[in-house]
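For reference, the chains in residue letters:
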Amino acid sequence: MKDLIKRLTETYGPSGNEDLIREQIKKEIKGLASEVKTDVLGNLIAVKKAKNSKLKALKVMVAAHMDEIGFIVTHIDKQGFLRVSNIGGIYLHNVLAQRVIFANGTVGTINEERAETPSEAKRMDKLYIDIGASTKREAEAKVAVGDVAGFHRCCTFLGNRAIAKSMDDRIGCAIMIEVMKKLKSSSNEIYFVFTTQEEVGLRGATTAAFGVSPDLGIAVDITGAFDTPDEKPKLPSVLGGGAAIKVKDAGLLAHPAVKKLMIETARANKIPYQLDILEGGTTDGAAIYKTKSGIPTGVISVPTRYAHSASEMVDMVDVKASVDLLVKLLSLNLQQKGF
Ligand SMILES: [Zn+2]
C-alpha cells in the first residue's frame, strides 16, 4: 500500500484540475469494479455490484476526494513573476519557499515581497511564484493566467509514518482502492466515488450524491491530529490511535445510526479506533448527508498533522485500521442493519 500512497500523493491535481490524478486512479482500480464512469464535474465513479444483483440491493456511496489545494495564476508581471490566488485553504505561514508544479510540469518556488510592516507580511497579494523566467514573454511560454499549481514534494516514509503533500485526501483515495481490492463480494451495491472540488466547497460530492442517490453515505477523509507540541489536548484524534470515527465537524453531525454501527463494527473486530470531533473544516460527508431528503452518513477519518501544508503526516496504523473498518462495514448486510 506504501507504493500506492506514494504514486497517488506525488500526482498533480488541484481542485478543478483533476485529470491527471483521475487517470492515475483509473489505472489503479482497473478490473476492481463492474462499471467505471466519469460524471460532468469529473467525479470518478466505480460501481461494485451486489453479489445477488437480482434482488434490490442497498446503495452505499463511499467518497474520497481526489483534489488538493493549490494556487491559481491571476497576473504575470513584466519580470515574469506570477501573482496568485488560493484554491482552497492555503495557510500563508507555511507556503514560503515551497515548490509548486503546474499540470504541464513547470516548477516554481513561492516567495513574498519584503514586508515594510508586520501587517503586510503573510498576505496572499504579497506572494509570488518564481518559475525562473526573466520576462513576461518567457513566463507566458510556460504558464497562462488561470493555470493552477499544486505543491511539488515527494512522499517519504519514516518507519510507520509518512509525509507527503496532498495526503488530504489521497490517503482517503488509497484507502478506498485498498478496500476495493480486499472486498471480494458484498450484499450491498457500492459506489466508490473519487470526488472533485472538495477543497473549494464539496462540489463534486454534491452532484455525485444527487446522481448516485445512495441509501447510505460514508466519506473517507483526513482530520486533525491534536498531539503536536503546540496543541492543548482538547480534541480527541491523534496519530496512531486508530481509525477516527466522526462525531462532528463544522459541516456534519454524523448520523447516530451510522456512527453507532462504525463503533460496534470496530469493537467487534478489534480494530483500533478513536473519535473524531473537529471544530473547523468538513468533508464530502456533509454534502452527501444533505442530498435529496437526507442520507444517513458517517465519516472515517485519518488523523493528519500539518494538514493543508506541503508536508502532511499520517500514521499507517490509522490507515490500516481505516481499511479494515471499511471492509468490515461494507461486508455487512446493511439492509438488514436497518438502512
Ligand atoms: Zn480533505
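Everything numeric here is computed off the predicted structure, so don't read it as measured data.

Chemist: Please explain the coordination of the zinc ion as it appears in this structure.
Modeler: Tetrahedral coordination by four donors puts the ideal angle at the metal at 109.5 degrees, and octahedral coordination by six puts it at 90 or 180 degrees. At 1.9 to 2.7 Å from the zinc ion lie its protein donor atoms, namely His 65 (NE2), Asp 168 (OD), Asp 221 (OD) and Asp 221 (OD). Around the zinc ion sit four donor atoms, and with donor-metal-donor angles ranging over 51 to 144 degrees the site reads as irregular. For the zinc ion, all donor residues lie on one chain, and their spacing in sequence is H-x102-D-x52-D. With a gap of 53 residues between them, Asp 168 in helix H4 (residues 167–182) and Asp 221 in strand S13 (residues 216–224) connect regions that are remote in the sequence. Its relative accessible area of 7% is what places Asp 168 among the buried residues.

Chemist: Explain the pairing of strand S4 (residues 70–76) to me, please; I cannot follow it from the model alone.
Modeler: For a regular strand, the rule is simple: side chains alternate between the two faces of the sheet. Two strands pair when backbone bridges link them, and S4 and strand S5 (residues 82–87) are joined in this way by six bridges, in the antiparallel orientation. Across the sheet, the residue bridging to Phe 71 is Asn 86, located in S5. Counted between consecutive antiparallel strands, the loop separating S4 from S5 contains five residues, among which Gly 80 sits at a positive phi close to 90 degrees. By the bridge criterion, two bridges tie S4 to strand S9 (residues 148–151) in an arrangement that is antiparallel. In the strand pairing of S9, Phe 71 is matched with Ala 149.

Chemist: Explain unusual backbone geometry here, please?
Modeler: Comment: phi is negative for the bulk of residues other than glycine, and the bulk of peptide bonds are trans. Of the consecutive residues Asp 168 and Asp 169, the connecting peptide bond is found in the cis state with omega at 5 degrees. Relative to the assigned elements, Asp 169 resides in helix H4. The phi dihedral of Lys 270 falls on the positive side, at around 55 degrees, and the residue is not glycine. Take Lys 270: it is sitting in the loop between helix H6 (256–268) and strand S15 (273–277). What makes Lys 270 exposed here is its relative accessible area of 75%.

Chemist: Would you explain the nonpolar core in this entry?
Modeler: Across soluble globular proteins, you tend to see nonpolar side chains buried next to one another. Core analysis: the largest hydrophobic core is formed by 55 residues, its most contacted members being Ile 25, Ile 29, Val 62, Phe 192, Phe 194, Leu 326 and Leu 330. With near-sequence residues (within four places) excluded, Leu 326 lies in contact with Val 62, Ile 175, Val 179, Ile 218, Val 220 and Ile 300. One finds Val 73, Ile 129, Val 143 and Ala 149 within the second-largest nonpolar core, a separate group that totals 22 residues.

Chemist: Explain the packing of helix H1 (residues 2–9) against helix H2 (residues 19–28) here, please?
Modeler: Axis angle and axis distance: for two packed helices, these are the angle between their axes and the distance between the axes, and together they describe the pair. For the pair H1 and H2, the least separation of the axes is 10 Å and the interaxial angle reads 160 degrees. The orientation of H1 relative to H2 falls into the category roughly antiparallel. Across the interface between the two elements, Leu 4, Arg 7 and Leu 8 of H1 pack against Ile 21, Gln 24, Ile 25 and Glu 28 of H2.

Chemist: How should I be thinking about the domain arrangement of the protein in this particular structure?
Modeler: Interface size is often expressed as the accessible area that is lost when the parts come together. Partitioning the protein into domains gives domain 1 (2–68 + 165–331) and domain 2 (70–151). With centres defined by C-alpha atoms, the gap from domain 1 to domain 2 works out at 31 Å. Opposite the 13 residues of domain 1 that make contact, domain 2 presents 14 residues. When domain 1 packs against domain 2, the two sides together hide about 1,000 Å² of surface, and 62% of this comes from carbon and sulfur. Sorting the residues of domain 1 by area buried against domain 2 places Tyr 12, His 308 and Ala 310 first, and these three jointly supply 46% of that buried surface. There are zero salt bridges connecting domain 1 and domain 2. The interface formed by domain 1 and domain 2 contains two residue pairs in polar contact (both at pLDDT 80 or more). Classifying every residue of the side of domain 1 that touches domain 2 gives six nonpolar, four polar and three charged.

Chemist: What is the right way to look at the side chain of His 308 in this model?
Modeler: Following the sequence through the fold, His 308 ends up in the loop between strand S16 (297–304) and strand S17 (312–315). A distance of 2.8 Å separates the side chain of His 308 from the backbone oxygen of Gly 89, its partner in a polar contact. Reaching out from His 308, the side chain makes a polar contact with the side chain of Glu 199 at a distance of 3.2 Å. Beyond its immediate stretch of four places on either side in the chain, His 308 contacts Ile 69, Gly 89, Tyr 91, Asn 94, Asp 168 and Glu 199.

Chemist: Where do I start with the side chain of His 65 in this structure?
Modeler: Here His 65 shows up in strand S3 (residues 59–65). Residue class for His 65 comes out buried when judged on its relative accessible area of 0%. Engagement of the side chain of His 65 in a polar contact is seen with the backbone oxygen of Asp 67, the distance being 3.0 Å. A polar side-chain atom of His 65 sits 3.2 Å from a polar atom in the side chain of Glu 198. Not counting residues within four places of it along the chain, the set of residues in contact with His 65 comprises Asp 168, Asp 169, Arg 170, Cys 173, Thr 195, Glu 198, Glu 199, Asp 221 and Asp 284.

Conventions we followed
Residues numbered from 1 in each chain as written. Predicted model: local features only at pLDDT ≥ 70, side-chain atom pairs only at ≥ 80, totals over all residues. Heavy atoms only, no water. Donors = N, O, S within 2.8 Å, 3.2 Å for Na, K, Ca; no water. Tetrahedral: all angles 85-135°; square planar, octahedral: opposite > 155°, others 65-115°. Helix = DSSP H or I, 4+ residues; strand = E, 2+ residues; numbered from the N terminus. Buried < 20%, exposed > 50% of the residue type's maximum accessible area, 1.4 Å probe, protein only. Pairing = 2+ DSSP bridges. Core = buried A, V, L, I, M, F, W, Y, C linked by side-chain atoms within 4.5 Å. Contact = heavy atoms within 4.5 Å. Axes fitted to C-alpha atoms, helices over the stretch in contact; angles between N-to-C directions. Parallel < 35°, antiparallel > 145°, perpendicular 65-115°, else oblique. Domains from an automatic or database assignment. Buried area = accessible area lost by both parts, 1.4 Å probe. Salt bridge = Lys/Arg side-chain N within 4 Å of Asp/Glu carboxyl O. Polar contact = N/O pair within 3.5 Å; in protein donor to acceptor, adjacent residues only side chain to side chain. Nonpolar A, V, L, I, M, F, W, Y, C, P; charged D, E, K, R; others polar.

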